[in-house]
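Overview (structure and organization)
The primary structure of each chain is shown beneath.
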Amino acid sequence: MQVDFAQRELTIKLVYYGPALSGKTTNLQQIHGFVSPVSCGRLMTLDTRDDRTLFFDLLPLQFRSDTGLHLRLKLFTVPGQVMHTATRRLVLSNADGVAFIADSQLSETRNNASSFVDLRENLRQNGLAIETMPVVVQFNKRDLAGVRSDAEIDDLAARGREPVYRAIATQGVGVLETFLGLTELTWTSLDHHHDLGSKFGISAAAFMLSLTRHLRVLGDGGHR
Ligand SMILES: Nc1nc2c(ncn2[C@@H]2O[C@H](COP(=O)(O)OP(=O)(O)OP(=O)(O)O)[C@@H](O)[C@H]2O)c(=O)[nH]1
Ligand SMILES: [Mg+2]
């Protein structure tokens, strides 16, 4: 988090993490489509020719609260391929919240697990702990055959502390829920540790309201 009290400016960094091809870049592309152009910067991506993220993607969002606070969200994705661990560590530095995008296919179970271990280790190397980091989990690719059952996901959700979302990122399903869930969890945590509410005169509810006002779909009358 970066704070500029004089300018009443607050920047929050959110990172989309997860194994290769789980749909991190797709999530950002969908969010880019959901947010009104005034509040949304350019989606910056750096891919190889086969669409694999090489370094990271960055989507900057900005909006103003009713109280005149200038809020910026910086959404990053990490490159999921195993060889890019040093890059993932770099992207994770100073993260305020993490969305872990898991691939629902049973064949990807091991890759999800090792990516979660990699996340914990890379956080640790940045002096951050997974126990105190706001984390949400998304089970993506729910449209495919051979995926974990809903019952299995419910069971995982009941056992873990992280909020769990289901998604079909290519269709925009579950993308906003994951993003808003992560943003609210992150705000609550930052507020708890830095007392943002009283320093800036904005409650969690008012913060979320200013954000959702800039989402096209919600403005158009509801979720997809
Ligand atoms: N069927 C299906 N395909 C999806 C879904 N989400 C993403 N994909 C596809 O999965 C492939 C990988 O998606 P990306 O968003 O590039 O994955 P990534 O996590 O950014 O991958 P890396 O950058 O290599 O880490 C693409 O072909 C997407 O179209 C989904 O919900 N369902
Ligand atoms: Mg990618």
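See above for the structure.
Quick caveat, the model's predicted, so the values are computed rather than measured. (Residues numbered from 1 in each chain as written. Chains lettered and ligands numbered in written order. Predicted model: local features only at pLDDT ≥ 70, side-chain atom pairs only at ≥ 80, totals over all residues.)

Description of the pairing of strand 5 (residues 97-103)
Spelled out, the test is: Every C-beta atom is placed from the backbone, and the number of other C-beta atoms within 10 Å of a residue's own sets its class: buried at 20 or more, exposed at 12 or fewer, partly exposed in between. Think of it this way: any DSSP run of H or I at least four residues long counts as a helix, any run of E at least two long counts as a strand, and we number them from the N terminus. Strand pairing is defined by DSSP finding a minimum of two bridges between the two strands.
Among the 7 residues of strand 5, 7 are classified as buried, and the element is accordingly described as predominantly covered. Side chains Gly97, Ala99, Ile101 and Asp103 of strand 5 all project onto a buried face; the interleaved residues Val98, Phe100 and Ala102 project onto the opposite face, where all are buried too. With 4 bridges joining them, strand 2 (residues 9-17) and strand 5 adopt parallel strand pairing. Residue pairing in the sheet places Val15 in a bridge with Val98 of strand 5. The pairing of strand 5 with strand 6 (residues 135-140) spans 6 bridges and is parallel. For Ile101, the partnering residue across the bridge sits in strand 6 and is Gln138.

Focus: the environment of Val147
Note the cut-off: Here, residue contact means that the backbone-derived C-beta atoms of the two residues sit within 7 Å.
Tracing the chain through its elements places Val147 in the loop between strand 6 and helix 4 (150-159). Its 20 C-beta neighbours within 10 Å are what place Val147 among the buried residues. The spacing of Val147 and Thr85 is 62 residues in sequence and 26 Å in space, taken between C-alpha atoms. With sequence-adjacent residues up to four places away left out, Val147 is seen in contact with Ser104, Gln105, Leu106, Lys141 and Arg142.

Topic: the packing of helix 1 (residues 24-34) against helix 5 (residues 175-194)
Where we set the bar: Axis angles are defined between N-to-C directions and span 0 to 180 degrees, where every axis is a line fitted to C-alpha atoms and, for a helix, only to the segment in contact. For classification purposes, an angle smaller than 35 degrees is called roughly parallel, one larger than 145 roughly antiparallel, one from 65 to 115 roughly perpendicular, and anything else oblique. Following the grouping adopted for this structure description, the nonpolar residues are Ala, Val, Leu, Ile, Met, Phe, Trp, Tyr, Cys and Pro, the charged ones are Asp, Glu, Lys and Arg, and the polar ones are all others, Gly among them.
Packing of helix 1 against helix 5 brings their axes to within 10 Å, and their N-to-C directions diverge by 90 degrees. On the basis of their axis angle, the class for helix 1 and helix 5 is roughly perpendicular. In this structure, helix 1 contributes Asn27, Gln30, Ile31 and Phe34 to the contact, and helix 5 contributes Val175, Leu176 and Phe179. Considering only residue class, the contact of helix 1 with helix 5 consists of 5 nonpolar, 2 polar and no charged.

Overview of unusual backbone geometry
In this structure, Asn94 takes a positive phi of about 60 degrees despite not being glycine. Note on placement: Asn94 falls in the loop between helix 2 (85-92) and strand 5. Although it is not a glycine, Lys141 sits at a positive phi angle of roughly 65 degrees. One can find Lys141 in the loop between strand 6 and helix 4. Since 23 C-beta atoms lie within 10 Å of it, Lys141 is described here as buried.

A few points about the environment of Gly23
For Gly23, the position within the fold is in the loop between strand 2 and helix 1. By the C-beta count within 10 Å, which is 26 here, Gly23 ends up buried. Between the C-alpha atoms of Gly23 and Phe179, which are 156 residues apart in sequence, the distance is 14 Å. What Gly23 contacts, discounting residues up to four positions off in sequence, is Ile101, Asn140, Lys141 and Ala169.

Some remarks on the site of ligand 1
Counted only if it meets this: By definition, a residue lies near a molecule or strand provided its backbone-derived C-beta atom is within 6 Å of it.
Taken together, 22 residues lie near ligand 1, and Gly23, Thr25, Thr26, Thr53 and Gly80 sit nearest. Broken down by element, the shell around ligand 1 gets its largest block of residues, 3 residues, from helix 1. A class-by-class count of the residues in the shell around ligand 1 yields 6 nonpolar, 11 polar and 5 charged.

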